[in-house]
Amino acid sequence: MNTKKTLYALFLGICLSSLILWSSDDPTASPSAEPPTETKETPFDLMMQVLTHQRCVNCHPAGDRPRKGDDSHITRALGIPRGNDGHGLQSISCGTCHTTENNDYSGVPGAPDWALAPESMTWEGKTRVEIAEQMMDPQRNGGKSPQEIMKHLTEHELVLWAWEPGIDAEGLPREKPPVSKKDFITAVKEWIASGAIIPEA
Amino acid sequence: MKITFNINGEPRSIDTDGEAPLLWVIRDGLNLKGTKYGCGKAACGACTIHVDGMQVRSCSYPAKFAEGKEITTIEGLSQGDNLHPVQQAWIDEVVPQCGYCQPGFMMATAALLKEIPNPTDEDIDNNIINVCRCATYYRMRKAIHKAAALAKQNPSE
Amino acid sequence: MSKGKKQKKGIKRRMFLKRSGVGIGLMIGGVWLTRNPIRRTIIKTSETLVVPYAGPTSDPLLWLQITPDNNLILHSSKVEMGQGTFTGLAQIVADEMGLPIEKIKVVHAETKAGNLDPFGTGGSMSIASLWVPLREMAATLNLMLLNKAAEKLSVNPDTLRLEGGTITDGSQSLTYGQIVADVTEWDIPSTPPLKKRSEYTYLGKPVPRVDLKEKVMGAPIFGIDAEYPDMLYASVVRSRLIDAQMQNFDTTEAERMPGVIKIYQDEDFIGVIAETHIQAETARKKIKFDYNKNADWSLADIEEKITVGNGNKTIVQKEGPIVEDIDEDAEIIELAFRSSIGAHAQMEPNGAVANYQEGNLEIKVSTQVPQLTQSEVAKAMGMSKKEVNIIPTFLGGGFGRRLHTPNAIQAAKMSKAIGRPVKSFFDRQQEFQNDTFRPPTHHVMKAAVKDGEILGIEHQFASGDTLFNSAMDPGIERVVRADIGSVRGGTIIYDGMPRRATYYHVDLPFATSFWRSLGLLANAFAIESFIDELALKTKQSPVDLRLQYMRDDNPYIVRAKKVLKTCAQKAGYTDEVKDGRAMGIALTIDTGSPCAHVAEVSIVEGSIKIHKVTAVLDCGIAVNPDQVRAQVEGCVCMGISAALYEKMDLKENKLFPINYGSYDMALMRDTPKEIDVVLIEGIDKPGPVGEPPLGPIGAAISNALRRLTGERLTQMPLSAFIS
């Protein structure tokens, strides 16, 4: 069997099995039915959709090298380690390649204070509850109060860069988080104002 | 826009698109060809220069940021005939093959030695991540250690 | 009165053969040559042949120019791409002429200089092929100077002697500069006897590279640095997809971009000419177009094509029966190997600077084939060759990437169209996506084994073009069928048993070509990994096993045995794993130069770490042992890069990655802390150096990993498959 045929069979298989899964999930639904009304997402949901997006997680990685791109890959050759202050090593640092703004000629992204989050703020591989707990824990968040966290999330230029991520080296726009900047800021403020309650799951 | 900066100790002014990479301003505008184009996205280090003493990959550095800065390129690494210890070490160890990437490596090494005057092999591995297709890394490593020793002999450098 | 027989310059010249392609065109002729035995002979010959220098040798003045200030300019028709040829040539000439090397300046010969080399620069042949002709020219020039001095001083030439740039009879003397002053016609004597080796002072000495200072100071010596006054910059549209035509161009937006002077368009390409490089590139990216795809391609499709059994089959080595037919009681051991598509990734992208003025064209360009560039440009421009002067520059890496120079044609056309000099270069992404890649390979290795004896070995392999469609006449392809470049390193050197190599030539939907050492890296990976596996299978040391099957007294095998033994001894080769480190050994004979490597390897935090490589090379006389070592070190590290990390992928007709970083390569941190190079002089002339040391490295690493982990890795790059 040639590869194309294999892929075709695989594709058919996937389609078929998803159909079965989907129908077993909801036996009453039919393909022609109206899409179900969206359940209202809480401010926490909206905020976490952003914080778990690769635009954020890439700079809160596990390990000490940044992840890159929409597929969060590690470039073995280019991964500058975090270093003592999150800005890389003594001689080769984030600023060797990144400036305070995106560079459309090269596709190298940039924003003020381009850096990796400290190790205590690793998000990669964590659940949204774990991320939230860690983010609000002064032991691990650099001694920040909820108000300071709110300020970081809603005003820091590096965080807000997520909505102006620029183009990559092939000239293609980078993916933005699934929630708009405005809705994100509103959600963060609401969540903090209402006591920053972290749901159980 | 008009941009003014010091390059290799000389004040220069140039009219350029401020967003244009500084690399091309240096190469074509100022006709300093030692700084090389390699990748255009800060991935290879062939275009490494110093901006206010810090190493920068000039292919991804907009010219406008050079305003008022002190720029050094490979042409300004030596003081006339007085070679920089890094260049002397490169000659002593006969490092270059094709030579194209070497200015970038020497600029990166000069920046490294400024921060870490006696680098270990591990310091070198971590901080020198430029690309050399002739793969002269083995001699470069020797030359970097040699340069550190030379710089110690002549602390004025 | 003068010494030696006379030839008036331009009147009587030694005839030289015009050769085509790789210089084997002359060997082809007659329909019966298409028989397989003849093919095998051609391939066997090509495996060890040092292709002779095919340029003119009758007139030393084409190569060697004495300047009035008593220095010598060596016009090299071999280009300098890092391999150190300029330095070696300067040493050879300095020795034969008795000149201090400081008096020699080596430059690239412009095509109008007249000493064109039809072979170009490649195949590790530069020093090896010029060893005799260059010394002959130098010796002849000395005699010419001596005769001319005698004439000017009105003395018998026998009373004169040469002393480092001066000719004297003890009482009066002339410098070379004074001798050549006002001379318009030279008598060219027949070649005098060459000096004895004991009279040479630079040969075998680690003379510093002649281009060292320029390269350390950042001098503007490369093609991309070349300029003309009033020059414009151009950027040419290139296809992102393979096997597809670009169509429906819309240049409206590009035309309006700042600095744009002209959008050049003909049936072959479209390019933007602008005031600055960045303006040209920026506007070029605004040109809109779509594609007409001929077919859809993914990497899986390519791997399916590159599979033993597909393509044009040629038996390139045939001694005895196939392994299955040797002994019915024998066990057949079989292993299959693959290697990736490799990019050249040379640091200086391809490009050219052209200046067309009133029917004359000058092009400054990094090229490995100045003569081919000249004839291709002349043809494309409808000009005669003598109207086109190619000025080769230093190459920012070659590695086989500069045997095609379409940029020269494009820059020429645009310069003519705009009436000003034009510089046109690829950006890095264009360079990657339009590389002429190292073709992927597939190998099936088989052996018949009985009672610890190896009864026969077979190598079947599939690959794409390396020389075909690059440097060879199409006629050669029809006759030889097996691409000689892809076959390089593909035959079995172990003897005294049936052995076979069968090559399947596959046409690929993207350009493949020379990549330093061509087929050698992948073929050696398969064969030498398999030999190691046979050693484990038969419970022998891999060194002993190889030596046991190298019984032939042909000189290459004799030299290879010594190389292997020396390497094992120098490295302290052992099968044992000590302190988490294992050793692997491998041996190749490429272009006649045997080379062995022992790699010392461990796994650190899941990654392969190469601690030390011991490399032994027998390249004959090392004209400059320091630069031979540099080539060995470079080959080892480039080989580590290719063997461990490098691979191109293909999805929806897009080859990727298309830049450094994402195209994973070995860096400083991946370089062994120790590379111990041992040179052996097994022949009394210089042999090939620049590629043979790439041969064993992949297998040496893989063999070490096999001993370390118990797992046989069968795909390069290895790091992608380490578990």
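Quick notes on the rules
- Residues numbered from 1 in each chain as written.
- Chains lettered and ligands numbered in written order.
- Predicted model: local features only at pLDDT ≥ 70, side-chain atom pairs only at ≥ 80, totals over all residues.
- Heavy atoms only, no water.
- Helix = DSSP H or I, 4+ residues; strand = E, 2+ residues; numbered from the N terminus.
- Rg over C-alpha atoms; globule rule 2.2 N^0.38 Å.
- Buried < 20%, exposed > 50% of the residue type's maximum accessible area, 1.4 Å probe, protein only.
- Contact = heavy atoms within 4.5 Å.
- Areas by Shrake-Rupley, 256 points an atom, 1.4 Å probe, with all protein chains shown as cover.
- Lys, Arg positive; Asp, Glu negative; His and termini not counted.
- Charge placed at Lys NZ, Arg CZ, Asp CG, Glu CD.
- Domains from an automatic or database assignment.
- Buried area = accessible area lost by both parts, 1.4 Å probe.
- Salt bridge = Lys/Arg side-chain N within 4 Å of Asp/Glu carboxyl O.
- Phe/Tyr/Trp six-rings, centres within 6.5 Å; stacked < 30°, edge-to-face > 60°.
- Pairing = 2+ DSSP bridges.
- Axes fitted to C-alpha atoms, helices over the stretch in contact; angles between N-to-C directions.
- Disulfide = S-S within 2.5 Å.
- Polar contact = N/O pair within 3.5 Å; in protein donor to acceptor, adjacent residues only side chain to side chain.
- Parallel < 35°, antiparallel > 145°, perpendicular 65-115°, else oblique.
- Left-handed = near helix turned anticlockwise from the far one by under 90°.
- pLDDT = per-residue confidence, 0-100.
- Patch = residues over 30% accessible without salt bridge, like charges linked within 9 Å, V, L, I, M, F, W, Y side chains within 5 Å.
- Arc of directions from axis to C-beta.

Participant: I keep staring at the overall build of chain B and nothing clicks. Help me out?
Facilitator: Summing up its helical and strand segments, chain B has five helices and five strands in all. Ordered by position from the N terminus, the helices and strands of chain B form the series β-β-α-β-β-β-α-α-α-α. The C-alpha atoms of chain B give 15 Å as radius of gyration, which agrees with the globular expectation for 157 residues (15 Å, within 12%). If one aligns the C-alpha atoms of chain B with their principal axes, the spans along those axes are about 45 × 35 × 25 Å. Looking at chain B as a whole, 67% of its 157 residues are labelled buried. The contacts of chain B with a sequence gap of at least 6 include a subset with a gap of at least 24, amounting to 58%. Surface accessibility of chain B: about 5000 Å² in total, with carbon and sulfur atoms responsible for 46%. Separation of charge centres in chain B, based on 16 positive and 18 negative side chains, amounts to 6 Å.

Participant: I'm lost on the overall build of chain A in this one. Help?
Facilitator: Helix and strand counts for chain A come out as eight helices and zero strands. Secondary structure elements of chain A occur, N-terminal to C-terminal, as α-α-α-α-α-α-α-α. Per element, the accessible surface of chain A, about 11500 Å² overall, is 58% carbon and sulfur.

Participant: I'm lost on the domain arrangement of chain B in this one. Help?
Facilitator: The extent of an interface is frequently quoted as the accessible surface area lost upon association of the parts. Residue and element names in this part refer to chain B. Looking at chain B, the domain boundaries give domain 1 (2-76) and domain 2 (85-153). Across the boundary between the two partners, domain 1 contributes 16 residues, which contact 14 residues of domain 2. Carbon and sulfur atoms supply 57% of the area that domain 1 and domain 2 bury against each other, a total of about 1200 Å² over both sides. Interface area lost by domain 1 to domain 2 is led by His50, Gln55 and Ile74, which between them contribute 38%. Across the domain 1-domain 2 interface, the total number found is zero salt bridges.

Participant: Explanation requested: the packing of aromatic side chains in the structure shown.
Facilitator: Any pair of aromatic rings gets described here by the distance separating the centres and the angle formed by the planes. Per the counting criterion, the structure on display carries 17 aromatic pairs over all chains. Ring plane angle 80° and centroid distance 5.1 Å describe the contact between B:Tyr100 and C:Phe222, whose orientation is recorded as edge-to-face. Here C:Phe222 lies in the loop between α6 (212-217) and β7 (232-236) and B:Tyr100 lies in the loop between α2 (85-92) and α3 (102-115), a pairing that spans two chains. The class of B:Tyr100 is buried, set by a relative accessible area of 0%. Here the aromatic rings of C:Phe249 and C:Phe289 are separated by 5.4 Å at their centres, their planes lie at 40°, and the arrangement is tilted. Within this pair, whereas C:Phe249 is found in strand β8 (residues 244-250), its partner C:Phe289 is found in strand β11 (residues 288-293), the two being separated by 40 residues in sequence.

Participant: How should the sheet that holds strand β2 (residues 10-15) of chain B be read in this particular structure?
Facilitator: Within a beta sheet, neighbouring strands are joined by backbone hydrogen bonds and run either parallel or antiparallel to one another. All names here are of chain B. Across the sheet, which stays open at both edges, the five strands sit in the order β2-β1-β5-β3-β4 with mixed pairing between neighbours. The open sheet terminates on both sides in strands that have one partner only, identified here as β2 and β4 (54-57). In this sheet, adjacent strand axes meet at a mean angle of 40° when their direction is disregarded. Looking at chain direction, strand β3 (residues 48-51) and strand β5 (residues 70-72) are connected through two bridges and run antiparallel. Note that in β5 the partner of histidine 50 across the bridge is threonine 72. Each of β3, β4 and β5 is contacted by α3, which is oriented at about 40° to β3, the strand it contacts most.

Participant: Would you take a moment to explain the state of the cysteines for this structure?
Facilitator: Summed over the entire model, instances satisfying the criterion amount to zero disulfides over all chains. Summary of cysteine pairing: B:Cys39 is not part of a disulfide, and the nearest cysteine sulfur, belonging to B:Cys44, is at 3.9 Å.

Participant: Even after reading the chapter, I still don't get the side chain of C:His505, so can you show me in this structure?
Facilitator: Residues and elements named next belong to chain C. Within the fold, histidine 505 resides in strand β20 (residues 499-505). Overall, histidine 505 belongs to the buried group, its relative accessible area being 4%. For histidine 505, the side chain forms a polar contact with the side chain of aspartate 465, separated by 2.7 Å.

Participant: Mind showing me how you'd approach the environment of C:Arg499 here?
Facilitator: Residue and element names in this part refer to chain C. Within the fold, arginine 499 resides in strand β20. Classification of arginine 499 as buried rests on a relative accessible area of 8%. Here arginine 499 is in contact with Gln317, Lys318, Glu319, Ile457, Ile492, Ile493, Tyr494 and Asp552, once residues within four sequence places are set aside. There is a polar contact of 3.4 Å between the side chain of arginine 499 and the backbone oxygen of isoleucine 493. A polar atom in the side chain of arginine 499 sits 3.2 Å from the backbone oxygen of tyrosine 494.

Participant: Looking at this structure, how should I read the interface of chain A and chain B?
Facilitator: At the interface, 19 residues of chain A touch 26 residues of chain B. With both chains or domains summed, chain A and chain B bury close to 1800 Å², and 58% of this area falls on carbon and sulfur atoms. Residues B:Lys64 and A:Glu101 are paired through a salt bridge, measuring 2.7 Å at the closest nitrogen-oxygen approach. Counting the contacts that link chain A with chain B gives ten residue pairs in polar contact (both at pLDDT 80 or more).

Participant: Hey, could you run me through the packing of α3(B) against helix α5 (residues 137-153) of chain B in this one?
Facilitator: For any two helices packed against each other, one specifies the crossing angle of their axes together with the interaxial distance. Residue and element names in this part refer to chain B. Where α3 meets α5, the closest approach of the two axes is 11 Å, and the angle between their N-to-C directions is 40°. In terms of axis orientation, α3 runs oblique to α5. For α3 against α5, the interelement crossing comes out right-handed. Listed contacts from α5 to Gln102, Phe105, Thr109, Leu112 and Leu113 of α3 are Tyr137, Met140, Ile144, Ala147 and Ala148.

Participant: Just checking my understanding: could you explain the sheet that holds β20(C) for this structure?
Facilitator: All names here are of chain C. Taken in spatial order, the six strands line up as β12-β20-β19-β18-β13-β27 in an open sheet, and their pairing is mixed. Sheet topology places β12 (312-319) and β27 (715-716) at the edges, where each strand pairs with a single neighbour. In this structure, strand β18 (residues 441-450) lies alongside strand β19 (residues 453-463), joined through nine bridges in antiparallel fashion. If you follow lysine 446 over to β19, its bridge partner there is glutamate 458.

Participant: In this structure, what is going on with the confidence of the model for chain B? I would like to understand it.
Facilitator: Low-confidence regions, as indicated by low pLDDT, have predicted coordinates that should not be scrutinised in detail. Per-residue confidence for chain B averages 96 on the pLDDT scale, and 98% of its residues sit at or above 70. Interface confidence for the predicted complex, given as ipTM, is 0.98, next to a pTM of 0.92.

Participant: Explanation requested: unusual backbone geometry in the structure shown.
Facilitator: All names here are of chain C. Put simply, phenylalanine 656 and proline 657 share a cis peptide bond, and its omega is 0°. In this structure, proline 657 sits in the loop between β25 (654-656) and β26 (674-680). The residue after methionine 716, namely proline 717, is reached through a cis peptide bond having omega 5°. For proline 717, the position within the fold is in the segment after β27.

Participant: Is there a simple way to think about the pairing of β18(C) in this case?
Facilitator: Working note: regular strand, side chains alternate between the two faces of the sheet. All names here are of chain C. The element β18 is largely enclosed, with a buried count of nine among its ten residues. Bridge count between strand β13 (residues 331-339) and β18: nine bridges; the pairing is antiparallel. Counted as the bridge partner of leucine 335 is methionine 445 from β18. Following β18, the chain reverses through two residues before pairing antiparallel with β19; aspartate 451 in that reversal takes a positive phi of roughly 50°.

Participant: What exactly am I supposed to notice about a negative patch on the surface here?
Facilitator: All names here are of chain C. Residues Glu328, Asp329, Asp451 and Glu453 make up a contiguous surface patch of negative charge. Counting through the fold element by element, glutamate 328 comes out in the loop between β12 and β13. With a relative accessible area of 78%, glutamate 328 lands in the exposed category.

Participant: Got a minute to help me understand helix α6 (residues 146-155) of chain A in this structure?
Facilitator: Structural remark: α-helix, 3.6 residues per turn; residues separated by three or four positions point the same way. Residues and elements named next belong to chain A. When we look at burial in α6, the residues that qualify are Ile149, Met150, Leu153 and Thr154. Relative to the axis of α6, the buried residues are bounded by an arc of 115° and lie together on one face. On its buried face, α6 sits against α2 (43-51), α5 (128-136), α7 (157-160) and α8 (181-193).

Participant: Is there a simple way to explain the side chain of C:Arg240 in this structure?
Facilitator: Residue and element names in this part refer to chain C. With respect to the secondary-structure elements, arginine 240 resides in the loop between β7 and β8. Overall, arginine 240 belongs to the buried group, its relative accessible area being 11%. A distance of 2.9 Å separates a polar side-chain atom of arginine 240 from the backbone oxygen of leucine 655.

Participant: Would you take a moment to explain α5(A) for this structure?
Facilitator: Taken together, the buried positions of α5(A) are occupied by A:Val129, A:Ile131, A:Ala132, A:Gln134, A:Met135 and A:Met136. Where α5(A) is buried, its residues contact α2, α6 and α8 of chain A.

Participant: What is the right way to look at the pattern of salt bridges in this model?
Facilitator: Oppositely charged side chains are able to pair whenever their charged atoms sit close together. All names here are of chain C. Summed over all chains, the structure comprises 56 salt bridges over all chains. Glutamate 674 is the salt-bridge partner of lysine 612, the closest N and O atoms lying 3.7 Å from each other. With lysine 612 in strand β23 (residues 607-618) and glutamate 674 in strand β26, this residue pair connects regions lying 62 residues apart in the sequence. Taking relative accessible area as the criterion, lysine 612 reaches 16% and is therefore assigned buried. Bridged by salt links that share partners, the residues Asp532, Glu533, Asp575, Arg706, Arg707 and Arg712 form one connected network.

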